[in-house]
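Structure at a glance
Here is what each chain is made of, one letter per residue.
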Amino acid sequence: MDNQEVAEKFDELADLLAIQGESSFRVNAYRRAAETIRGLGRDLGEITQAGELQKIPGVGQAIAEKIEQLLATGKMQALERVRKEVPPGLLELLQVPGVGPKRAALLWKELRISNLSKLEKAARAGKLRDLRGLGPGVEKNILAGIEALARRTGRIPIGTAWPLAQELLERLRQQPGVRAAEPAGSLRRRKETVGDLDLLAASPDPEKVLAFFTQDPLVTHVLAQGQTKASVELKGGIRAQLWVHPPERFGTALQYATGSKEHNVRLRERALDLGLSLSEHALTRKSGKEILCATEAEVYERLKLPWIAPELREDRGEIEAALAGKLPSLLELSQMTADLHVHTTWSDGHASILEMAEAARDLGLKVLAITDHSQSLGVANGLTPARLREQRKEIQKVQRQLGDSILLLQGSEVEVRADGALDYPDEVLAELDLVIAAVHSSLRQPREQITGRMLRAIRNPYVHLVAHPSGRLIPDREPADLDMEAVLHEAAEQNVTLEIDANPARLDLDDAHARRAAELGCLLAINTDAHSPPEFALREYGVGVARRAWLTRQEVVTAWPRRKVEGWLKRRRSRSR
DNA sequence: GCCGTTTTCGGCCCGACTGTTTTCAGTCG
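The following refers to the structure shown. Worth saying up front: this structure is predicted, and the values here are computed from it rather than measured.

**Digging into the overall build of chain A**
The helix and strand tally for chain A stands at 24 helices and 17 strands. Whereas a compact globule of 577 residues would reach a radius of gyration of roughly 25 Å, chain A reaches 26 Å, a difference of no more than 12%. For chain A, buried positions account for 53% of its 577 residues. Across chain A, every contact between residues at least 6 apart in sequence was considered, and the portion connecting residues at least 24 apart equals 68%. Here chain A displays about 25,600 Å² of accessible surface, and carbon together with sulfur accounts for 49% of that area. Side-chain charges of chain A comprise 82 positive and 82 negative groups, with the mean position of each set lying 3 Å from the other.

**Quick notes on the packing of helix H10 (residues 158-173) against helix H12 (residues 206-214)**
Two elements in contact, H10 and H12, have axes separated by 11 Å at closest approach and are oriented at 135°. In this view, H10 runs oblique relative to H12, as classed from their interaxial angle. As for how H10 packs across H12, the hand of that crossing is right-handed. Of H12, the residues touching H10 (which contributes Leu168, Arg171 and Leu172) are Val209, Phe212 and Phe213.

**Observations regarding the packing of aromatic side chains**
Per the stated rule, a full pass over the model turns up 1 aromatic pair. Judged by centre distance (6.1 Å) and plane angle (20°), the ring pair of Phe10 and Tyr30 falls under stacked. Placement of Phe10 in helix H1 (residues 3-19) and of Tyr30 in helix H2 (residues 24-38) is noted, with a sequence separation of 20 residues between them. The same class applies to Phe10 and to Tyr30, which are both buried.

**Brief notes about the protein's contact with DNA strand B**
Not every one of the 38 residues close to DNA strand B is listed here, only the nearest: Gly60, Gly98, Gly135, Arg268 and Glu269. The sugar-phosphate backbone supplies 75% of the atoms of DNA strand B found within 4 Å of the protein. Interatomic distance of 3.3 Å between a side-chain N/O atom of Arg26 and a phosphate oxygen of DNA strand B. One nitrogen or oxygen atom from the main chain of Gly135 is found 2.7 Å from a phosphate oxygen belonging to DNA strand B. Only H2, helix H4 (61-73), helix H7 (101-111), helix H9 (136-150), helix H14 (261-273) and strand S8 (276-278) provide two or more residues apiece to the surface near DNA strand B. With 5 residues, the top contributor of residues to the surface near DNA strand B is H14. A breakdown of the residues in the surface near DNA strand B according to their chemical character gives 18 nonpolar, 12 polar and 8 charged.

**Some words on the sheet that holds S8**
Taken in spatial order, the 3 strands make up an open sheet running S8-S9-S10, and their pairing is antiparallel. Unpaired on one side and paired on the other, S8 and strand S10 (290-291) mark the two borders of the sheet. Each of S8 and strand S9 (283-285) is contacted by H14, which is oriented at about 160° to S8, the strand it contacts most.

**Brief notes about the pairing of strand S16 (residues 497-501)**
Regular strands place side chains that alternate from one sheet face to the opposite one. For S16, a buried count of 5 out of 5 residues is recorded, marking the element as mostly surrounded by other parts of the structure. Handedness of the strand S15 (residues 465-466)-helix H21 (residues 484-494)-S16 crossover: right-handed. Relative to strand S17 (residues 524-527), S16 is paired through 4 bridges, and the arrangement is parallel. Directly across from Leu498, in S17, lies its bridge partner Leu524.

**Some remarks on the pairing of strand S12 (residues 367-373)**
Across the 7 residues that make up S12, a large majority, 7, are buried. Read from strand S11 (residues 338-342) through helix H17 (residues 353-362) to S12, the crossover connection turns out right-handed. Direction of pairing for S12 relative to strand S13 (residues 407-415): parallel, over a ladder of 7 bridges. Within S13, the residue paired with Val367 across the bridge is Leu407.

**Focus: a positive patch on the surface**
Together, Arg285, Lys289, Arg302 and Lys304 make up a positively charged patch on the protein surface. With respect to the secondary-structure elements, Arg302 resides in helix H15 (residues 296-302).

**Considering the sheet that holds S12**
Read from one edge of the open sheet, 7 strands run S11-S12-S13-S14-S15-S16-S17, paired in parallel fashion. Taken across any chain shown, the strands that pair with only one partner, and hence form the sheet edges, are S11 and S17. Sheet contacts for helix H18 (residues 385-402): S12 and S13; angle to S13, the most-contacted strand, approximately 155°.

**With respect to the environment of Glu8**
If you trace the backbone, Glu8 turns up in helix H1. Judged by relative accessible area, which is 44%, Glu8 ranks as partly exposed. The spatial distance from the C-alpha of Glu8 to the C-alpha of Glu35 is 9.3 Å, given a sequence separation of 27 residues.

**As for the environment of His464**
By secondary structure assignment, the location of His464 is in the loop between helix H20 (447-459) and S15. For His464, a relative accessible area of 1% corresponds to the buried category. Along the chain, His464 and Glu390 lie 74 residues apart, while their C-alpha atoms are 22 Å from each other.

**Things to note about the nonpolar core**
Counting 96 residues, the largest nonpolar core has Leu197 and Leu234 as its most contacted members. In terms of residue count, H10 provides more of this core than any other element does, 8 residues in total. When residues no more than four places from it in sequence are discounted, the contact partners of Leu234 are Leu164, Leu168, Leu197, Leu218, Val219, Thr220 and Ala240. Ala14, Ala104, Leu119 and Ile146 belong to the second largest nonpolar core, which has 49 residues in total.

**Structural notes on empty space enclosed by the protein**
Summed over all chains, the structure comprises 3 cavities of 30 Å³ or more. By volume, the largest cavity is sized at about 60 Å³. Of all the elements in the fold, those that place two or more residues in the lining of the largest cavity are H18 and helix H19 (426-431). Sort the elements by how many residues they give to the lining of the largest cavity and H18 lands first, with 4 residues. The class makeup of the residues in the lining of the largest cavity is 4 nonpolar, 1 polar and 3 charged.

Definitions and cut-offs
Residues numbered from 1 in each chain as written. Chains lettered and ligands numbered in written order. Predicted model: local features only at pLDDT ≥ 70, side-chain atom pairs only at ≥ 80, totals over all residues. Heavy atoms only, no water. Helix = DSSP H or I, 4+ residues; strand = E, 2+ residues; numbered from the N terminus. Rg over C-alpha atoms; globule rule 2.2 N^0.38 Å. Buried < 20%, exposed > 50% of the residue type's maximum accessible area, 1.4 Å probe, protein only. Contact = heavy atoms within 4.5 Å. Areas by Shrake-Rupley, 256 points an atom, 1.4 Å probe, with all protein chains shown as cover. Lys, Arg positive; Asp, Glu negative; His and termini not counted. Charge placed at Lys NZ, Arg CZ, Asp CG, Glu CD. Axes fitted to C-alpha atoms, helices over the stretch in contact; angles between N-to-C directions. Parallel < 35°, antiparallel > 145°, perpendicular 65-115°, else oblique. Left-handed = near helix turned anticlockwise from the far one by under 90°. Phe/Tyr/Trp six-rings, centres within 6.5 Å; stacked < 30°, edge-to-face > 60°. Near = heavy atom within 4 Å. Polar contact = N/O pair within 3.5 Å; in protein donor to acceptor, adjacent residues only side chain to side chain. Nonpolar A, V, L, I, M, F, W, Y, C, P; charged D, E, K, R; others polar. Pairing = 2+ DSSP bridges. Right-handed = clockwise from strand over helix to strand, strands pointing away. Patch = residues over 30% accessible without salt bridge, like charges linked within 9 Å, V, L, I, M, F, W, Y side chains within 5 Å. Salt bridge = Lys/Arg side-chain N within 4 Å of Asp/Glu carboxyl O. Core = buried A, V, L, I, M, F, W, Y, C linked by side-chain atoms within 4.5 Å. 1 Å grid on protein atoms, 1.4 Å probe; cavity = no way out; pocket = protein on both sides within 12 Å on 5 of 7 lines; lining within 4 Å. Points joined across faces, edges and corners; volume = space filled by probe spheres on them.

Rendered as C-alpha cells:
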C-alpha cells in the first residue's frame, strides 16, 4: 500500500467520523495527517521500518499504529468499524456542494438517504424542504449541486490552466483602475493540477472590474456575481473566480487566496501568538485596530517572518524554516542554462537540429543535448548505431554554424528494455556525450521487477541521467509501481542525475520525490523533452516543480554554467572507465 | 488525535455566504 492509498484511508476515516458527529479536532487531525502523508516523498514502509513514523508532524501514537496496521494487513480496524456504522454511499453525498457532514447525517437519519441517486430523487420530490434547518432554497441548491457534480471536469493540468489564467489576467490588467491582477490558489503555488482558476485583482472599483471580467470572451456562463467576487465557467467547463479587493488590502487578500489552507492555518496561529488576528482583509490588533497590508511581504513582515514563496506554502516545514532563517534560495527560471533532453526530426521530433539549437540559443541557453530515441523504439523512428553516427556529423556541422553561442551535445534517450538492459551496446554508448536512460514500455511490471530493471539501468556506468522516472502521464496513466526510495538511493549512490520532465503531462519526478531525491544527495535536471521549438517554453512548469521541491540552483544541473555542466558529464564518464 | 521554552491538560484559524432563522447552523474556501 503506497502513501497515496494510506492518505485516502485517513481521509475516508475523517469523513465518516465527521458524519458521525465526532469532534472536529479529531477529524481534522486525520485530515492533516493525510495531507502530510501525501507530501512525504518517502515511502511510509521505509519510515515505519526506521521507526520514525511519529517524527512525521501530525502523526502521534494513535495514527502511527493505524499506519502500521494498514501497511501490515491492508486494513485499519478503526476504519472498518465506522464503515459498518455509516452507509458507504453517504461519502458521495459529501461531494455535493451544499452538503457537508451534518446534512449528510441528517439526510440519512430522517429520510434514509444513503446515496446520490436517492438524494436526487428526494430533492426532486420536494422532500428535503421539510427537514429542520433546511428549506426550499437549500433543496434547490442541492439539486443544482448534483447537476454540477455530473458535468464536473476533473482537475485541470497546470499546462492548461496557467495560459488561460494569464490571458484573463492580461486583459484585466489593461482595465483602468486595476492596479494589480495575479493568479492565486493552487495555480500560484504551481501545483501540477488545479481544481479551478483563482484570480485576484486590486481596484478601488470592484464592481466595474467584475462586470468586465464576466464579459470576457473566454467566459461562457456567469455562475455568481457579487460585490467583491464573481464566479464563471470558461470554455471547456473550466471554472474561474475573481476576487477584487481594495489596493491597500491587496497583500492580505493575495496571501489569503494563495493558501494553502494548511499554510494559512499555521500563519493565523502565528498571528495569534503575536497578539494579532489575520484575515483576508487585514491584520487586526486586540484593540480592534486594523493594520492594512498592500503587499504580501508586509503581511509576513508583520508576522516577523521572511516572505515565503507561494510554491513552499504547503505546511511542509516552510514556517519552521522561515523562523530559523533557513528558507532555501529557490531556483528561478532566469537561472536556467541548459536543456539536456530534446528531440528532432531524426526521430519523432518536428524540427531540425538547427531549428532546435537556434531556438534554444535565442532563449539564452548555453547547453543543448540532442537526445533522439534509440533503435528499439520503432514507433518513434529510433536511431540505429549507423544513423547515430550520421547524426553526429550533422550536430558537429550545426555547432560550427552557431559557433560559441551554445554548446551542442549528442545524447540519446536510450530505451531501458524489459530486463533492464540498455538498447545500445556499451561501445555505442561510449561514443555519446550524454546517455539518458528511459522506460517507455512494460510500465505495468510488478513492483519488484520494474524496480530491479530501473536499478540495473542506473548501475550502467554510461548512464548520466534517468528521464521521467515514474512514467506517469497526467491524467491518463498512473506512475509505474516503483520502489522510488530504492531508486533514489541508488541514483545518489551511483551519481546518476534524475530528470524533472517539464512537460505538464509528465512533471516527473513530482515535487515530493524531487525533494526527497535532493535530501538523499541526488542531482536533478529540468528538461523539456521538447519535440519542437515552442515546447522550450514548458521549462517554467519544470521550474515550478523544482521550486515546490525546495530546490536551489546548486542541485539542478540544467541551471549550472556551461563549464560545470561539462565537468558533470565527465565526472560520470570517468566512473565508466 | 496532536501538541507544548507559557502547558502532559486544555487548547486547537477566520470570515463570507446562504438560508434559515428571531440569533444561528452549516458549508465553503
